[in-house]
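Each chain, written out:
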Amino acid sequence: AMAAERALAMATCTAPVNIAVIKYWGKRDTDLILPINSSLSVTLHQDQLKTTTTAAASRDFTEDRLWLNGKEADVGHPRVQACLREVRRLARKRRGGSEDAATLSLSYKVHIASENNFPTAAGLASSAAGYACLVSALARLYGVEEELSEVARRGSGSACRSMFGGFVQWQRGERPDGTDSLALQVAPETHWPELRILVLVVSGEKKPVGSTAGMQTSVETSPLLKHRAEVVVPERLAQMMRHIRERDFEGFGQLAMRDSNQFHATCLDTFPPIFYLTDLSRHIIALAHRYNAHHGHTKVAYTFDAGPNAVIFALADTVAEFVEVLRRSFPPATNGDRFVRGLPVGSAALAAPQPQWGGSLHAVGLPGVPDLCPAPQPGPGPQLVDDPSQHLLGADGLP
């Protein structure tokens, strides 16, 4: 009876986006996805940004299939295959080679459906959440509970960091086989309750140069990147871990901004140069510095990944005021008021209009106003979805 019940096995997981505060840029091994430097990130709460993935296996499936956001995609993609292969290998190892009737046959084909609730490939780390989610769902399907960040890394480097909540370090590792290039939690999501994160979506378009191609061009052509990886990052990593441990926002914020700026400088130092920041991104950078200067200390900090979208860190007591400053700088009228979608900020009554913050931005008449995607706090790692109604695949194994 048990074997018959296993005719269709299904597991659904969600996984979070992570935002690097010490950036990963550059691989020393493109096949195993081994980085030239360690990196450190904050996992965002899944209320706002997450990937959901359902993996199903059945003896009735004739081939492996994959659907992304409702459209069928290439399941033969080398990175998807690497994840499938690794999870199946771990499952085989776990069973000691014995196929017990109660366990899912490893020869069954799988159907995988994955959905993001945010723009894919627009600099919102969709590949990290996507591969962390894929690996979590497959591991659940096959009953694998090993260290999975190494498997997720084979899908997308930054995905290994989405396997944990809170504050996460991806260790560079030394071994050529990559077995020590893993993610570790530096502090749990509960460690810094006052920390808040705002995602400013400047553009939901696909970026001009994908990060995979971009970072390898940087590795080949940028002397600044080599200096960064060998000299700058090791020191910054230790400092950033200390700032997080001590919940020192001044130190954390300054270093996050400096590291983001240096990462974009290495893009500029790449030949031919790569530009991820747009005029709007640069306006947000200028606004953050003006806002901090006005207050006399670091109250907001920006970081940008390989795309134009800004992630702003602030403490809870700053959010409402800074959102008001953003509203005045980028009037929401031109944006159908979607600007502060779902953000429970409370309206900060600012004493008086502060022209030194927003004045110059009004005048620019910016075409694209950033959408604000609230992700109030750091959040947990991948979660199992128990509710069967949440599966992305039906009883027939199709979306």
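These numbers come from a predicted model, not from an experiment.

Thresholds, definitions, all that
Residues numbered from 1 in each chain as written. Predicted model: local features only at pLDDT ≥ 70, side-chain atom pairs only at ≥ 80, totals over all residues. Heavy atoms only, no water. Helix = DSSP H or I, 4+ residues; strand = E, 2+ residues; numbered from the N terminus. Buried < 20%, exposed > 50% of the residue type's maximum accessible area, 1.4 Å probe, protein only. Areas by Shrake-Rupley, 256 points an atom, 1.4 Å probe, with all protein chains shown as cover. Pairing = 2+ DSSP bridges. Contact = heavy atoms within 4.5 Å. Axes fitted to C-alpha atoms, helices over the stretch in contact; angles between N-to-C directions. Parallel < 35°, antiparallel > 145°, perpendicular 65-115°, else oblique. Left-handed = near helix turned anticlockwise from the far one by under 90°. Nonpolar A, V, L, I, M, F, W, Y, C, P; charged D, E, K, R; others polar.

**Q** Give a detailed account of the overall build of the protein chain, specifying residues and quantitative values.
**A** Along the protein chain, the regular secondary structure elements total ten helices and 16 strands. In the protein chain, which comprises 399 residues, the share counted as buried stands at 56%. Total accessible area on the protein chain stands at roughly 16,600 Å², and carbon and sulfur atoms take up 53% of it.

**Q** So what about the sheet that holds strand 6 (residues 50–58)? Which residues, and what values?
**A** Spatially, 8-7-9-6-1-16 is the arrangement adopted by the six strands of the open sheet, whose pairing is mixed. Edge strands, defined here as strands with exactly one partner in the open sheet, are strand 8 (71–73) and strand 16 (383–384). Pairing of strand 1 (residues 8–16) with strand 16, which is carried by two bridges, proceeds in the antiparallel orientation. Bridge pairing in strand 16 places cysteine 13 opposite leucine 384.

**Q** Residue-level account of the environment of valine 151, with values.
**A** Among the secondary structure elements, valine 151 is positioned in helix 4 (residues 149–155). Note: C-alpha distance between valine 151 and leucine 90 (61 residues apart in sequence) is 9.6 Å. Every residue in contact with valine 151, bar those within four places of it in the chain, is listed here: Cys83, Glu86, Val87, Leu90 and Val135.

**Q** Please set out the packing of helix 2 (residues 78–94) against helix 3 (residues 126–142) residue by residue, giving values where relevant.
**A** Closest axis-to-axis distance for the helix 2/helix 3 pair is 10 Å, and the angle between their directions is 30°. Viewed along their axes, helix 2 and helix 3 adopt a mutual orientation that is roughly parallel. Judged by the twist between their axes, the crossing of helix 2 over helix 3 is right-handed. Contacts from Arg79, Val80, Cys83, Leu84, Val87, Arg88 and Ala91 of helix 2 reach helix 3 at Tyr131, Leu134, Val135, Leu138, Ala139 and Tyr142. Grouping the constituent residues of the contact of helix 2 with helix 3 by class yields eleven nonpolar, no polar and two charged.

**Q** Talk me through the side chain of threonine 303; I want residue IDs and the actual numbers.
**A** Here threonine 303 shows up in strand 13 (residues 300–304). Using a relative accessible area of 1% as the deciding quantity, one classes threonine 303 as buried. Setting aside residues up to four positions removed in sequence, threonine 303 forms contacts with Ile19, Ala20, Lys23, Ala256, Ser260, Asn309, Ala310, Val311 and Phe313.

**Q** With reference to specific residues and values, describe unusual backbone geometry.
**A** Excluding glycine, residues mostly carry a negative phi; peptide bonds, for their part, are mostly trans. Omega for the peptide link from phenylalanine 271 to proline 272 comes to -5°, which places this bond in the cis form. Non-glycine residue isoleucine 33 carries a positive phi angle of around 55°. Mapped onto the fold, isoleucine 33 is located in the loop between strand 3 (27–29) and strand 4 (34–35). For isoleucine 33, a relative accessible area of 1% puts it in the buried group. Of note in the backbone geometry, asparagine 69 takes a positive phi value of approximately 50° without being a glycine. Of note, asparagine 69 is situated in the loop between strand 7 (65–68) and strand 8.

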